[in-house]
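Residues per chain, in single letters:
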Amino acid sequence: MHILITGGTGLIGRHLIPRLLLLGHQVSVVTRDVAAAREKLDARVALWSGLAQQQNLDGVDAVINLAGEPIADKRWTEQQKQRLCESRWQITERIASLINASQHPPRVLISGSATGYYGDTGELVLTEEDKGQDEFTHQLCARWEQLALNAQSDRTRVCLLRTGVVLASEGGALGKMKLPFKLGVGGPIGSGKQYLPWIHIDDMINAIIWLLDNDDLHGPFNMVSPYAVRNEQFAATLGHVMHRPAFMRTPASAIKMIMGESAVLVLGGQHVLPKRLEASGFGFRWYDLQEALQDVIAKTSH
């Protein structure tokens, strides 16, 4: 297949592209910085400098839309919120428009979203049927998903990736989480009772390929391990795996002072289950958090 990817130099894209090439697919990546992308990506990957010049997506069999500014890197000023939304909404709207303008449109659009769709939902156990709380992360994701669904037709199916915290050897949320533990000051955040939906990068990539290959699958999919854990359990497990203490609790007040409104990303949580992925027959490799962390941290040290 000829697969077009946005966000190809991000955490998921960097792991996905080698797998797609290994499977014999032709891969093109949309990028704002061709020179930087060329340094990071396999020479076999074709690079597109944006979508403005495209009239349609004829000749593309599948689109995997992973673009979006990192949500936790900066405080949520009104300007930053706008950037977070536009970096997701604008390219998704453009992709849907190009698909609808195609005589022979891509057979599938796999488009990013996040477990933030549900908002901070406390103890509720959530599946894809549940609606989100009306807060910023839900508003961002709900609009993002709706723009992608505009591409859906009898010729193009749309799958939505409601992704949790992706555990990988380099970068992503885990890269930030490890630092306090390395310094010996790691531990739970706030109450520690909030759920943290997680997924190993291998399962994330395998699940995307599963959605790519199964023509009857469409709609939202929770891209999370079947076993969510609470923040305090995650901290204790990470400390154990890193052979570091994990008792230095960070008060919620300190997090709010540092992060402002975006503190909800770490003080809030969702107990999310991957109901639709499992019902489709997808098999997870990484169920156990300790094993998953041991695997990615071992790869970091190599």
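Residues numbered from 1 in each chain as written. Predicted model: local features only at pLDDT ≥ 70, side-chain atom pairs only at ≥ 80, totals over all residues. Heavy atoms only, no water.

**Student:** I'd like a description of the packing of aromatic side chains, backed by residues and values.
**Tutor:** Throughout the structure, instances matching the rule amount to six aromatic pairs. With centroids separated by 4.9 Å and ring planes inclined at 65 degrees, the aromatic side chains of tryptophan 76 and phenylalanine 136 adopt a geometry described as edge-to-face. Of the two residues, tryptophan 76 sits in the loop between β4 (62-65) and α3 (78-100) while phenylalanine 136 sits in helix α4 (residues 136-149), which places them 60 residues apart along the sequence. Note on accessibility: tryptophan 76 and phenylalanine 136 belong to one class, buried. Between tyrosine 117 and tyrosine 118, the aromatic rings sit 5.2 Å apart at their centres with planes inclined by 85 degrees, giving edge-to-face as the arrangement. Of the residues examined, tyrosine 118 reaches a relative accessible area of 0% and is grouped as buried. Across from the ring centre of phenylalanine 136, 5.1 Å away, lies the NZ or CZ of lysine 81, which sits over that ring. Its guanidinium or amino end placed over the ring of tryptophan 144, arginine 88 lies 5.1 Å from that ring's centre, counting from NZ or CZ. (Phe/Tyr/Trp six-rings, centres within 6.5 Å; stacked < 30°, edge-to-face > 60°. Helix = DSSP H or I, 4+ residues; strand = E, 2+ residues; numbered from the N terminus. Buried < 20%, exposed > 50% of the residue type's maximum accessible area, 1.4 Å probe, protein only. Lys NZ or Arg CZ within 6 Å of the ring centre and 35° of its normal.)

**Student:** Would you mind going over α4 in detail, with residue names and values included?
**Tutor:** Residues three or four positions apart in an α-helix share a direction because the helix packs 3.6 residues into each turn. Between its first and last C-alpha atoms α4 spans 20 Å; for 14 residues at 1.5 Å apiece the expected length is 20 Å, and the two agree. Burial in α4 covers these residues: Phe136, Thr137, His138, Leu140, Cys141, Trp144, Glu145, Leu147 and Ala148. (Expected span 1.5 Å × (residues − 1).)

**Student:** Can you explain the pairing of strand β1 (residues 2-6)? Please cite residues and give values.
**Tutor:** Of all five residues that make up β1, five are buried, and the element is covered over most of its length. Burial along β1 is two-sided: His2, Leu4 and Thr6 and Ile3 and Ile5, pointing in opposite directions, are all buried. Handedness of the crossover joining β1 and strand β2 (residues 26-30) through helix α1 (residues 11-22) is recorded here as right-handed. As judged from the four bridges shared by β1 and β4, these two strands associate in the parallel manner. Considered in β4, the bridge of isoleucine 5 is made with isoleucine 64. (Right-handed = clockwise from strand over helix to strand, strands pointing away. Pairing = 2+ DSSP bridges.)

**Student:** Talk me through unusual backbone geometry; I want residue IDs and the actual numbers.
**Tutor:** Unlike most non-glycine residues, histidine 243 shows phi in positive territory, near 60 degrees. In this structure, histidine 243 sits in the loop between α7 (231-242) and α8 (252-259).

**Student:** Can you explain the UniProt feature "domain: NAD-dependent epimerase/dehydratase" (unreviewed entry) in the protein chain? Please cite residues and give values.
**Tutor:** When the UniProt feature table is mapped onto this chain numbering, "domain: NAD-dependent epimerase/dehydratase" (unreviewed entry) sits at residues 3-216. Note that residues 3-216 is 37% helix and 19% strand, and that its end C-alpha atoms are spaced 18 Å apart. (UniProt positions renumbered as here; feature names shortened; annotations may be inferred.)

**Student:** Could you give an account of the UniProt feature "domain: DUF1731" (unreviewed entry) in the protein chain, naming the residues involved and the relevant values?
**Tutor:** In the numbering adopted here, UniProt assigns the feature "domain: DUF1731" (unreviewed entry) to residues 250-296. Measuring from the first to the last C-alpha atom of residues 250-296 gives 24 Å, for a span that is 53% helix and 4% strand.

**Student:** Describe the environment of proline 18, and please don't skip the residues or the numbers.
**Tutor:** Along the polypeptide, proline 18 turns up in helix α1. A relative accessible area of 47% means that proline 18 is categorised as partly exposed. A sequence separation of 125 residues divides proline 18 from arginine 143, and the C-alpha atoms of the two residues are 30 Å apart.

**Student:** Quick one: what's the story with the sheet that holds strand β5 (residues 108-114), residue by residue and with numbers?
**Tutor:** Taken together, seven strands build an open sheet; the order of strands is β3-β2-β1-β4-β5-β7-β11 and the sheet is parallel. Two strands bound the open sheet, and with one partner strand each, they are β3 (46-48) and β11 (219-223). Direction aside, the axes of adjacent strands within the sheet are offset by 20 degrees on average. As paired elements, β2 and β3 share three bridges and run parallel to each other. When the bridges of β3 are listed, serine 28 appears paired with alanine 46. Sheet strands in contact with α4 are β4, β5 and β7 (157-163), and its direction is about 175 degrees off that of β5. (Axes fitted to C-alpha atoms, helices over the stretch in contact; angles between N-to-C directions. Contact = heavy atoms within 4.5 Å.)

**Student:** Break down the packing of α1 against helix α6 (residues 201-213) for me, with residues and values.
**Tutor:** Close contact between α1 and α6 brings their axes to 10 Å; oriented N to C, the two are set at 60 degrees. When the interaxial angle is binned, α1 and α6 end up oblique. When you trace α1 past α6, the crossing you get is right-handed. Contact residues: α1 offers Leu11, Ile12, His15, Leu16, Arg19 and Leu20, while α6 offers Ile201, Met204, Ile205, Asn206, Ile208, Ile209 and Leu212. (Parallel < 35°, antiparallel > 145°, perpendicular 65-115°, else oblique. Left-handed = near helix turned anticlockwise from the far one by under 90°.)

**Student:** Quick one: what's the story with the nonpolar core, residue by residue and with numbers?
**Tutor:** Counting residues in each nonpolar core, the largest one holds 38 residues, and the members touching the most others are Ile5, Ile64 and Met223. Elements represented by at least two residues in this core include exactly β1, α1, β2, β4, β5, β7, α6 and β11. For this core, the element with the highest residue contribution is α6, accounting for eight residues. Apart from the residues within four sequence positions on either side, methionine 223 is in contact with Leu161, Arg162, Thr163, Gly164, Ile199, Met204, Ala207, Ile208, Leu211 and Leu277. (Core = buried A, V, L, I, M, F, W, Y, C linked by side-chain atoms within 4.5 Å.)

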